[in-house]
Each structure stands twice: as structure tokens, then as C-alpha cells.
Amino acid sequence: MTNPDILIRGARLAADLAERGADHLSAPAVDLRISNGRIVERGSGLGARDGERVVEAGGLVALTGFVDLHTHLREPGFEQSETVLTGTRAAAAGGFTSVFAMANTMPVQDTAGVVEQVQSLGDAAGYATVRPIGAVTEDLGGERLSEIGAMAQSRAAVRVFSDDGGCVHDPLLMRRALEYVKTFDGVIAQHAQDPRLTEGAQMNEGALSSELGLKGWPAVAEESIIARDALLAEHIGARLHICHLSTAGSVEVVRWAKARGVQVTAEVTPHHLILTEELVRSYDARYKVNPPLRREEDVRALRRAVAEGVIDIIATDHAPHPIEAKECEWDVAAFGMVGLESALPIALLTLVREGHASWAELETLLSQKPAEIGRLEGHPKALEVGEPADLALVDPSGWSEFGPARLRGLSANSPYLGMELPGRVVCTVRSGYLTLDDGELVDAGAVAEAARVAREGAR
Ligand SMILES: [Zn+2]
């Protein structure tokens, strides 16, 4: 048994739009036929066959499915905030076909058993490929290395390790972790934040934090850890990935490390590309995030760093929290924002429309490069015949209000609610079946069944 074939008609391929500022309609219209999880035909004027699902994609841009290297799915342990099912529904709504699930669950993803459990939950739900991230240290405690080798050799074949939420602060542990992952081509994703320099910190350190009387979070707390880890990675010859760059200084440190030939990659979140510390004046805890929102000049530097290739990828840091953790006093509110559903509109607004990235570069930032850093297998290299059918169809025209209905996870802590944003994801195809159809999530039962059929077909 196989899933129904899909014929996508008249899409513009992001890969054909290499020039910044190019109108998407300047690319040729392309038809794609999908069968048994793969692209089987690519051309123009392809005719529909019996039983085939036809998707009219005139005016839409097709990109390989987005890959989020930094998602908090919260399960096991914090199912009131998000579950693997609800988080991957949010992912599908945002055009994502794969997500890397951060390790700060309860129990922590620090053993083969827990990472296999998370991966199985993702397989069963079927909305996206879920690749668990392993904790670097036991219980995220920063004291002893976790079972890195066991997680790498497990069924989940973990390749990305991170203590995200906290920093691997001990330089000896960081060194050992880099040595360990080097043996199987893994990577350490560092949440760069010196804990001593940020004790009790509530927002970016500067004139505004003094004015508001909130404890500041200095840029150097991030930049010093990136510099140290770049030197450690160089010394070991291992791969290092820096989570959520937030300062202009961090960009310069990464630029320096790359010029030295260090195997370092860096991510930026959509929110650090658009929001500034000025929003903290509202004391609205939706704007409380780690690392904190920074200055206007940092936002500009981060956009330029994307344009220059110093920053490699966009990652959401999707961090769901229940309402009671956010609708409270600033100093006790939780850090974090949801981001899977809004990533594409914010990237369009801050990068593509501003001429910092072409559509082809956007595909690299949201799909190709995060897949490469995470050593994600089975991800399409391009929308070409023979490649796996994981893709997103985006309507770049028009603006619409980003309302609560756009959020498909369990939590609603989005900083964009009520904003007018450009573009929307219309369809998401994962492993050859639709997870998002004409802007609506496909029913959970149907997706789980399609995923089961796709797995059988792939055997
Ligand atoms: Zn983090």
C-alpha cells in the first residue's frame, strides 16, 4: 500500500531564484509529481492521473522542507506546554518537515532510552521527522558527561548534543564533549552564556536596563564563551555550533573563527532579527527571552551577518510556555517564545524583502544548511527527481494579521500576535504526503496513518 500520488502544478522553485530582490514570478513555473515518498517527475504541463491529488501552485514558491535545529517540544515532562504531537503540528503549519528536539525535557534526553522515546513519538505522530538532541551533561547538571556514545549508537542515532537552556560552562567538560562527538562526526550546539556574568539577569545590559532597574545581561557573557569554544573546537578539530547569536560582537567573533578555519556554524532566531530591547519597556513577558532582545544595532548586524554568510542558519528556538508562566510579573516569568509558525513570515520580512537573502539563500538558511549541520539523513538536497518529497509551498504575496488561529501548538506565547506579517505557508509535504493542505493542518489520524504507510513503503 502507498499514499496517494500528488501533482504540484505551476510552482516557482526557490532554487531558481538565486538573485536577491528577484520577483518570484520571474522564475519558470514547474510541475512536480510525487509518488511513494519521492519526486518522480519534474517538468511542465504534466497531466493528472487517476487518483492523484492535484495541488495548484501558481504564484507559490516551493522550497525543500524547513528544518529546525532548535525546537523545544517539551515532552516528556512538560506536556502542559507542548507535546511531540502538538509541537510537530506547529512545525507542519510553519513549513517544517524536520525538527531537532532540545534535550531539556523531564527526564532529560541524556540516555538512549529517552532519545528513542522522543523519536518514536515523532514517528507515530507523523507531522515531521523528529531528531532528538542529546544532553551534553548528565541531567543538564554541568558536572559529568552524559551517555553521549550510547545516544549516538541508539536507534535515534543522535548527532547533535546541547545543554541548551544552560551553557556547558566547564572548559574541560566542553573539551571532552568535543573530543567525543568528533569520533562520530557529531556536533556540540552551545548555548553561549557565561552563568556567572548573567546571574539573575532579566534583559540586555545597557542604558535601558539601568533605566528600568532590571538586572542586565552583558553581551560579553555570550561573546566570551563563543571565543573560548571556537578555540577549543580548533584545538580538537571538532565541529561546534553556536545557538541563537544575539549581539553584533558575537558576529565578529564567529567571523574571526571562520577566518581561522574553525569548524564553527552559527544560528540566529527570527525574533533576534526583528525585535529589540525597547519592547521590554512594556513589561509584557512575551518579550522575555534567552538570550535577551538586544539593541537596534545588534539586529542590523545580525541581518548583515546572514547576508554575508557569517550566520549559517535560522533556527526558531520555539519555546512554548503555558499562560500562567507568561502572564505574570516580568522577573518571575519564564524565558522563551513560540516560533515555528512565524519563522517564514519573519524571515521574509527581515531578509528576503530587505534584500539580505534571495529565495535560494532562504532555502539554504531554513532547510539545506540546518539539515547538513545536524547530519539529517533522508532530507532532499533539491526538488529534483529521485529526491525525498519533503517540501513547503509558500504564498509570498499579501500581508495578513498574525492572529491566535495561526498558532497550532499548545502554547500561545508569540510576540507577533496582532502584527501584520507578509507571506504564509500554504502546503507542507512530508515523506510524500500532505501535513498542511491549503493552510489547514491535515487531521492527526490521517497523518499518523500516512506516516505508517510511508514507513512501510520505505522498507
Ligand atoms: Zn538556548
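Let us look at the structure shown here. (Residues numbered from 1 in each chain as written. Predicted model: local features only at pLDDT ≥ 70, side-chain atom pairs only at ≥ 80, totals over all residues.)

For the rest of this paragraph, the subject is the overall build of the protein. What the protein contains, in helices and strands, is 11 helices and 19 strands. Computed over its C-alpha atoms, the radius of gyration of the protein comes to 21 Å, within 12% of the 23 Å expected for a compact globule of 459 residues. Taking the principal axes of the C-alpha coordinates as reference, the protein spans close to 65 × 45 × 45 Å. Classification of the 459 residues of the protein by burial places 59% in the buried group. Within the protein, contacts between residues separated by at least 24 positions form 75% of all contacts whose residues are at least 6 apart in sequence. (Helix = DSSP H or I, 4+ residues; strand = E, 2+ residues; numbered from the N terminus. Rg over C-alpha atoms; globule rule 2.2 N^0.38 Å. Buried ≥ 20, exposed ≤ 12 C-beta atoms within 10 Å, placed from the backbone. Contact = placed C-beta atoms within 7 Å.)

This part covers the sheet that holds strand 13 (residues 239-242). Note: strands within a sheet are paired through backbone hydrogen bonds, in either parallel or antiparallel orientation. Across the sheet, which stays open at both edges, the 5 strands sit in the order 9-10-13-14-15 with parallel pairing between neighbours. The open sheet has two edge strands with one neighbour each: strand 9 (160-161) and strand 15 (313-314). Docked against the sheet, helix 4 (residues 171-182) engages strand 9, strand 10 (187-190) and strand 13, running at close to 145° with respect to strand 10. Contacts between helix 6 (residues 219-236) and the sheet are confined to strand 10, strand 13 and strand 14 (264-268), with strand 13 contributing the most and set at about 165° to the helix. (Pairing = 2+ DSSP bridges. Axes fitted to C-alpha atoms, helices over the stretch in contact; angles between N-to-C directions.)

Turning our attention to the pairing of strand 6 (residues 66-71). Two faces belong to every sheet, and in a regular strand the side chains alternate between them. In terms of burial, strand 6 is a largely internal element, 6 of the 6 residues being buried. Two elements, strand 6 and strand 7 (residues 96-101), share 4 bridges in a ladder whose sense is parallel. Its bridge partner being in strand 7, T71 is matched across the sheet by A101.

The next point concerns the packing of helix 1 (residues 84-93) against helix 2 (residues 112-125). Here helix 1 crosses helix 2 at 55°, and the two axes come no closer than 9 Å. What the angle tells us is that helix 1 and helix 2 run oblique. For helix 1 against helix 2, the interelement crossing comes out right-handed. Listed contacts from helix 2 to V84, L85 and T88 of helix 1 are V118, L121, G122 and A125. Across the contact of helix 1 with helix 2, the residue classes break down as 5 nonpolar, 2 polar and no charged. (Parallel < 35°, antiparallel > 145°, perpendicular 65-115°, else oblique. Left-handed = near helix turned anticlockwise from the far one by under 90°. Nonpolar A, V, L, I, M, F, W, Y, C, P; charged D, E, K, R; others polar.)

Moving on, we get to the sheet that holds strand 6. An order of 6-7-8 is seen for the 3 strands of this open sheet, with the pairing classed as parallel. Each end of this open sheet is capped by a strand with a single partner; those strands are strand 6 and strand 8 (129-132). Going across the sheet, the axis of each strand differs from the next one's by a mean of 20°, ignoring polarity. Against the sheet, helix 2 touches strand 7 and strand 8, its axis set at about 170° to strand 8.

A few words now on the environment of L273. In this fold, L273 is placed in the loop between strand 14 and helix 8 (296-308). Judged by local crowding, L273 falls into the buried class, with 22 C-beta atoms found within 10 Å. Once the C-alpha coordinates of L273 and L417 are considered, the two residues, 144 residues apart in sequence, prove to be 17 Å apart. Apart from residues lying up to four places away in sequence, L273 is in contact with V268, V299, L302, R303, I346 and T350.

Spanning 15 residues, helix 10 (residues 359-373) covers 20 Å between terminal C-alpha atoms, matching the ideal 21 Å at 1.5 Å per step. At L365, helix 10 shows its largest bend, some 45°. Within helix 10, 14 of the 15 residues are buried, which leaves the element mostly enclosed by the surrounding structure. (Expected span 1.5 Å × (residues − 1). Bend = angle between axes of the 7 residues up to and from the residue.)

In a regular helix each residue adds 1.5 Å, so 18 residues correspond to 26 Å; helix 6 covers 26 Å between its end C-alpha atoms and thus fits that length. Restricting attention to buried positions, one finds in helix 6 the residues A219, A221, E222, E223, I225, I226, D229, A230, L232, A233 and I236. In this structure, the buried side of helix 6 is in contact with helix 4, strand 10, strand 12 (216-217), strand 13, helix 7 (248-260) and strand 14. A positive backbone phi angle near 80° is found at G237, which sits one or two residues after helix 6.

Attention now goes to the environment of I39. Within the fold, I39 resides in strand 3 (residues 38-43). C-alpha of I39 to C-alpha of D5: the two residues are 34 residues apart in sequence and 9.8 Å apart in space. When sequence neighbours within four positions are dropped, the list of residues in contact with I39 reads L32, I34, L383, E384, V385, G386, E387 and A389.

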